[in-house]
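Here is how the chains run, residue by residue.
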Amino acid sequence: MANFKLDINNQSYEVEAEPQTPLLWVIRDEVGLTGTKYGCGIAQCGACTIHLNGSPVRSCSIPVSAASNQKLTTIEGLSEDNSHPVQKAWIDAQVPQCGYCQSGQIMSAAALLDKNPKPTDSDIDTAMAGNICRCGTYHRIRKAIHTASNEMTNGSK
Amino acid sequence: MEANNINRRKFMKLAGMSGAMLAIGFETFAIEGPKVLKKLMAEDFVEGTPLNPFVVIAEDGTISIMATVPELGQGIFQAIPAIIAEELEVDMDQVTVVKSSASRKYGRQSIGGSRSVRTMYQPMRKLGAATKEVLIEAASKKWGVAKSALYAKSGKVHRTDTKDFVEYKDLVATAAAIEVPKNPNLKTKKDFSIIGKETVRTDILSKVNGTADYGIDARPDGLLYATIERCPTLQGKPISYDKEAALSVQGVTDVMEVTRSVYKNKNTGIAVIAETHYAALEGRKKLNVKWDNAEFSKLNSESYFREMKELAKKDHLNHKDQGNFNQSFANAASTLDVVYEQPHQSHSCMEPMNATVHVKEDNTVEVWAPSQSPQVQRQFARQLGIPDDQAEEKIKVHLPFLGGGFGRRSMNDPLEECFQISKELRKPIKLIWTREDDTTQGPFRQATVHAMKAAFDDQDNPTGVQHKMISEAITTQFRPSNGKIPFEVMEGISTHYDFDNYSIQYGEYNSQLPIHWWRSVFGSTNGFAHEAFIDEVAVKAKQDPLQFRIDRLNSEPRQVKVLERLKKEANWDKKLGANEGKGVAIVESFGSIVAHAVFLKREGNQVIISRVVSVVDCGIVINPNQAKAQTEGNIIYGLTAAMKGAITFKDGVAEQSNFHDYAILRINEAPRDIQVYLMENDENPGGMGEPGLPPIAPALVNAVADLTGKRIRKLPFDLQKV
């Protein structure tokens, strides 16, 4: 066991864990931020997507030792009041069904729009292909990303 | 819009509660206009006067309506409260939807078979209407005017003679003492203001900010984590394992055998319990279990299908036997004689199977049940020596949101396993199945073989059709069929085409492989074979496949209307380009009719699904947006089954284990253009969770045939190789 200092959603956490523990389980079970989900454990489904220094990563496949002193953002840190354009667009399009994958979907979408505020459908395919939704909300995810993009680039919907 | 305030006292109550409750959160969030999302509250801190188990009205005017059946994405969390609110005459933005726990006072809380709205529509309307009537009667007493001079609207009772009104909150004390009428008057459809309108789902907010509480998120104090090493052939018994090696991993506290019931089978696994999930997994790796697989290692998908195909050559139980098919086939000028086959599938809910149970030292229990059938109190009570009438008092069952279900969560094996561990250790235990456990251990969707035959006269007019379906059955895994066709196996063969000679048979194949309800169940497999073969018949008869169906469904006027609407909305008769193809299919299942038209386009080396148009007749619709969402989801789930996943067995072991080899359709492969149209009528509500699935695979392969001339009769197939 070792101690690690994690910077998550602009808060500092001291955790004790085996260095090889996937960051996912530390975030969920030690820090207590359960919005980030376990889906596959092998970086195939994207349910555990968080931002590491602003880029989307699969927290199931990063050991906690590699995340120390890096800037991490989880779904809980995307906005304080559900006001991130992606969250608003997700509500507007009523995207989630079971909702389990949606934290990961939203984190991937937010990272995409951060780097590419005007994504084409093809850009969306590339950025979102790592996130599986078993309920099949892809059609609405695409629509919501375009909506969020419009808000972010025009300042209003 | 006013905030949904949680006062200090409630907050303290909330703060003292365990993690899953806290996860619900408690702020209010508003988006533009009337769309105000109320925060969710848990049943335990609802305040006010209950007028019945489902409706509680507080002095501050808060109207709480219980959501009592599990929400797995189908929107029932909103739909049932919406039905109550309609008849109660309150607006949805006056309502706080409250997630209930499991209790017999709410009636049946299990979900499956696209059943919830179908079975609860009338009872919940009556409940809402009866509640409204006692409030009107209370107002009648207050004012001393006849009930007929009063009406209810937006949470108030109004007088017709003056402009006076009184709010429900000021009537509730009186109303609670009034006997509830058994047969209240119900509204007519034209007066509906909530049913049939697109209301915002109250669970959505929590699903965009990470606060929605799933079973896997339960975090009671002192929690330990469990994982279970399982037999690769599912049913083999452990011969030996290295308990000490597992215990030597730092953080591992216990190792024990647990039993999992899969119908009649009791599967043994070795549970490793630890202070962290990671330590449990590391301990599990060291178990080195030797299994006795001898009896179960003979199972192979190849022989499984070979034996089913052999069985298809014989005659079986008749589901339908009209005219004389054999004679029509013998006398035919030409025939079709083909076999369709579909593999086993995994449900693969995004939230893997899990459970959290705390059997306490004082023999009371707290359960977080990610289950489609969560009323487990009596089952657990009996194992703890608790009398039935104390089961609910001693065993608290939380209903978390479910990260998908698709039928899988109607089997409570994870809860059963977790209960055993906690009962032994008397500590809170969270059991999480790995994705590999979830994919390989079943139970699975059935695999099927369909022997399809058609007879034609010398003008290529069809004179007879036969569909012989061979598969395992679900219900015969726990009760004998007694020579009858099990009720579940013929779902989705519901298009009663007008053929003079028409035979449908079912032959049961027996295997040790466990199968289970999987979204649309036999509708998914029957719908594919039946509607793809009907297309073959139509094409051989040189008729347009959509018109052929319309012409031969005289006994099904609702199906004809759906097809006619589809023809219009899909612009079906428009001539396609050389690189385009179209396909149609229609299936009635779980009380609703769905027809899909699939359009394909070849673009360079790629074939894309350029458009899917759907028409749905599910009778009266509660929330059109959600009916459409379910249909969109069914299209994707069905396309995955058609083009992606198959679970195959070699030497008794599933050959796929995770999403790298059991692929799920991804956004880049999903149709970008999906249009869903709903029929308007006054029929009773049908199901919506499943009926959109069965017609998608046949519509797809029919489009492939239109594009390429090639018939796909075995799923899954690769669309890029057609």
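Predicted, not measured: the structure shown is a model, and the values here were computed from it.

## With respect to the overall build of chain B
In step 1: Helix and strand counts for chain B come out as 18 helices and 30 strands.
In step 2: Expected size for 722 residues packed as a compact globule is a radius of gyration near 27 Å; at 28 Å, chain B falls within 12% of this value.
In step 3: Principal-axis analysis of the C-alpha atoms places the extent of chain B at approximately 80 × 75 × 55 Å.
In step 4: Buried positions account for 63% of the 722 residues belonging to chain B.
In step 5: Of the contacts made within chain B by residues no fewer than 6 positions apart, 76% connect residues no fewer than 24 positions apart.
In step 6: In the form shown here, chain B has an accessible surface area of approximately 26600 Å², with 46% of it arising from carbon and sulfur atoms.
In step 7: In chain B, the 91 positive side-chain charges and the 92 negative ones have mean positions that sit 1 Å from each other.

## Re the packing of aromatic side chains
In step 1: Applying the stated criterion across every chain, the model contains 19 aromatic pairs over all chains.
In step 2: On the numbers, 5.3 Å between centres and 85° between planes, the contact of A:Tyr100 with B:Tyr214 is edge-to-face. In this pair, A:Tyr100 is assigned in the loop between helix 2 (85–92) and helix 3 (102–115) and B:Tyr214 in the loop between helix 5 (172–175) and strand 11 (224–230), connecting two distinct chains.
In step 3: For B:Tyr214, a relative accessible area of 2% translates into the label buried.
In step 4: Through pairs of rings, three or more aromatic residues link up here, namely A:Tyr100, B:Phe77, B:Tyr214 and B:Phe401.

## Describing the domain arrangement of chain A
Residues and elements named next belong to chain A.
In step 1: If you check the domain split of chain A, you get domain 1 (2–77) and domain 2 (85–154).
In step 2: Contact residues are listed per partner, giving 17 residues for domain 1 and 13 residues for domain 2.
In step 3: Along the contact surface separating domain 1 from domain 2 lie zero salt bridges.
In step 4: Among the elements of the structure, strand 3 (49–52) and strand 4 (55–58) are those that each provide at least two residues to the side of domain 1 that touches domain 2.
In step 5: Here the residues of the side of domain 1 that touches domain 2 are counted per class, giving six nonpolar, nine polar and two charged.

## A short note on the side chain of B:Glu536
Residue and element names in this part refer to chain B.
In step 1: Note that Glu536 resides in helix 14 (residues 522–540).
In step 2: Separated by 2.8 Å, the side chains of Glu536 and Arg713 make a polar contact.
In step 3: Residue contacts for Glu536: discarding those within four places in its chain leaves Leu336, Val338, Tyr340, Arg711 and Arg713.

## Side note on the packing of helix 3 (residues 76–88) of chain B against helix 4 (residues 116–143) of chain B
To describe two helices that pack against each other, one gives the angle between their axes and the distance between the axes.
Residues and elements named next belong to chain B.
In step 1: Between helix 3 and helix 4, whose axes approach to 6 Å, the crossing angle comes to 35°. Like other packed secondary-structure pairs, helix 3 and helix 4 cross with a definite hand, here right-handed. Between helix 3, through Ile76, Ala79, Ile80, Ile83, Ile84, Glu87 and Leu88, and helix 4, the contact on the second element is made entirely by Ser116, Val117, Met120, Tyr121, Met124, Arg125, Leu127, Gly128, Ala129, Thr131, Lys132 and Leu135.
In step 2: A class-by-class count of the residues in the contact of helix 3 with helix 4 yields 13 nonpolar, three polar and three charged.

## Concerning the sheet that holds strand 5 (residues 71–73) of chain A
Hydrogen bonds along the backbone pair up the strands of a sheet, which may run parallel or antiparallel.
Residues and elements named next belong to chain A.
In step 1: A sheet is described by the order of its strands in space; here five strands give the open sequence 2-1-5-3-4, paired in mixed fashion. If you trace the sheet from one side to the other, it starts and ends with strand 2 (11–17) and strand 4, each paired once. Shown here is a sheet whose adjacent strand axes are inclined to one another by a mean of 40°, direction ignored.
In step 2: Summarising the sheet, strand 3 and strand 5 pair through two bridges and their orientation is antiparallel. Within strand 5, the position partnered with His51 by the bridge is Thr73.
In step 3: Contacts from helix 3 reach strand 3, strand 4 and strand 5, with the element oriented near 35° to strand 3.

## A word on the environment of B:Glu282
Residue and element names in this part refer to chain B.
In step 1: Relative to the helices and strands, Glu282 is located in helix 7 (residues 277–285).
In step 2: The sequence separation of Glu282 and Thr227 amounts to 55 residues, and the corresponding C-alpha distance is 9.8 Å.
In step 3: At 2.8 Å, the side chain of Glu282 forms a polar contact with the side chain of Lys285.

## Things to note about the sheet that holds strand 30 (residues 674–678) of chain B
All names here are of chain B.
In step 1: Reading across from one edge, 25-26-27-30 is the order of the four strands in this open sheet, with mixed pairing throughout. Each edge of the open sheet is held by one strand with a lone partner, namely strand 25 (580–589) and strand 30. Within this sheet the neighbouring strands show an average axis-to-axis angle of 15°, counted without direction.
In step 2: Pairing of strand 25 with strand 26 (residues 592–603), which is carried by ten bridges, proceeds in the antiparallel orientation.

## Let's talk about the pattern of salt bridges
Residue and element names in this part refer to chain B.
In step 1: What the rule picks out here adds up to 49 salt bridges over all chains.
In step 2: Lys187 is the partner of Glu89 in a salt bridge, and the nearest nitrogen-oxygen pair spans 3.1 Å. Placement of Glu89 in the loop between helix 3 and strand 7 (95–99) and of Lys187 in the loop between helix 5 and strand 11 is noted, with a sequence separation of 98 residues between them.
In step 3: The residue Asp535 makes a salt bridge to Arg549 at a minimum N-O spacing of 3.2 Å.

## Some words on the domain arrangement of chain B
Residues and elements named next belong to chain B.
In step 1: Each assigned domain of chain B is listed here: domain 1 (8–207), domain 2 (215–295 + 353–432) and domain 3 (301–346 + 443–721).
In step 2: Each of domain 1 and domain 3 was reduced to a C-alpha centroid, and the two centroids are 40 Å apart.
In step 3: Across the boundary between the two partners, domain 1 contributes 20 residues, which contact 22 residues of domain 3.
In step 4: Across the domain 1/domain 3 interface, buried area totals approximately 1500 Å², and carbon plus sulfur atoms make up 54% of it.

## What to know about the nonpolar core
In step 1: With 244 residues, the main nonpolar core has A:Trp90, B:Leu600 and B:Phe717 as its most contacted residues.
In step 2: Broken down by element, the residue count for this core peaks at ten residues, all from helix 4 of chain B.
In step 3: Non-local contacts of A:Trp90, meaning those with residues more than four positions away in its chain, are made with A:Val95, A:Pro96, A:Gln102, A:Gln105, A:Ile106, A:Ala109, A:Ile141, A:Ala144, A:Ile145 and B:Val208.
In step 4: A:Phe4, A:Leu6, A:Leu52 and A:Val57 belong to the second largest nonpolar core, which has 18 residues in total.

## What to know about the environment of B:Leu639
All names here are of chain B.
In step 1: Topologically, Leu639 is positioned in helix 17 (residues 624–643).
In step 2: Under the relative-accessibility criterion, Leu639 is labelled buried at 1%.
In step 3: Sequence separation between Leu639 and Ile696 is 57 residues, and the spatial gap between their C-alpha atoms is 6.8 Å.

## Topic: the interface of chain B and chain A
In step 1: Taken together, the contacts link 68 residues of chain B with 55 residues of chain A.
In step 2: Summing the contributions of chain B and of chain A, the shared interface buries around 5200 Å²; its carbon and sulfur component is 56%.
In step 3: It is B:Met350, B:Ile667 and B:Arg672 that lose the most area in chain B upon contact with chain A, and together they represent 16% of the buried surface on that side.
In step 4: Joining chain B to chain A, the criterion identifies five salt bridges.
In step 5: Counting across the interface, chain B meets chain A through 32 residue pairs in polar contact (both at pLDDT 80 or more).
In step 6: If you tally residues by element for the side of chain B that touches chain A, the top one is helix 17 of chain B, at ten residues.
In step 7: Its residues assigned to classes, the side of chain B that touches chain A comprises 30 nonpolar, 21 polar and 17 charged.

About the criteria used
- Residues numbered from 1 in each chain as written.
- Chains lettered and ligands numbered in written order.
- Predicted model: local features only at pLDDT ≥ 70, side-chain atom pairs only at ≥ 80, totals over all residues.
- Heavy atoms only, no water.
- Helix = DSSP H or I, 4+ residues; strand = E, 2+ residues; numbered from the N terminus.
- Rg over C-alpha atoms; globule rule 2.2 N^0.38 Å.
- Buried < 20%, exposed > 50% of the residue type's maximum accessible area, 1.4 Å probe, protein only.
- Contact = heavy atoms within 4.5 Å.
- Areas by Shrake-Rupley, 256 points an atom, 1.4 Å probe, with all protein chains shown as cover.
- Lys, Arg positive; Asp, Glu negative; His and termini not counted.
- Charge placed at Lys NZ, Arg CZ, Asp CG, Glu CD.
- Phe/Tyr/Trp six-rings, centres within 6.5 Å; stacked < 30°, edge-to-face > 60°.
- Domains from an automatic or database assignment.
- Salt bridge = Lys/Arg side-chain N within 4 Å of Asp/Glu carboxyl O.
- Nonpolar A, V, L, I, M, F, W, Y, C, P; charged D, E, K, R; others polar.
- Polar contact = N/O pair within 3.5 Å; in protein donor to acceptor, adjacent residues only side chain to side chain.
- Axes fitted to C-alpha atoms, helices over the stretch in contact; angles between N-to-C directions.
- Left-handed = near helix turned anticlockwise from the far one by under 90°.
- Pairing = 2+ DSSP bridges.
- Buried area = accessible area lost by both parts, 1.4 Å probe.
- Core = buried A, V, L, I, M, F, W, Y, C linked by side-chain atoms within 4.5 Å.

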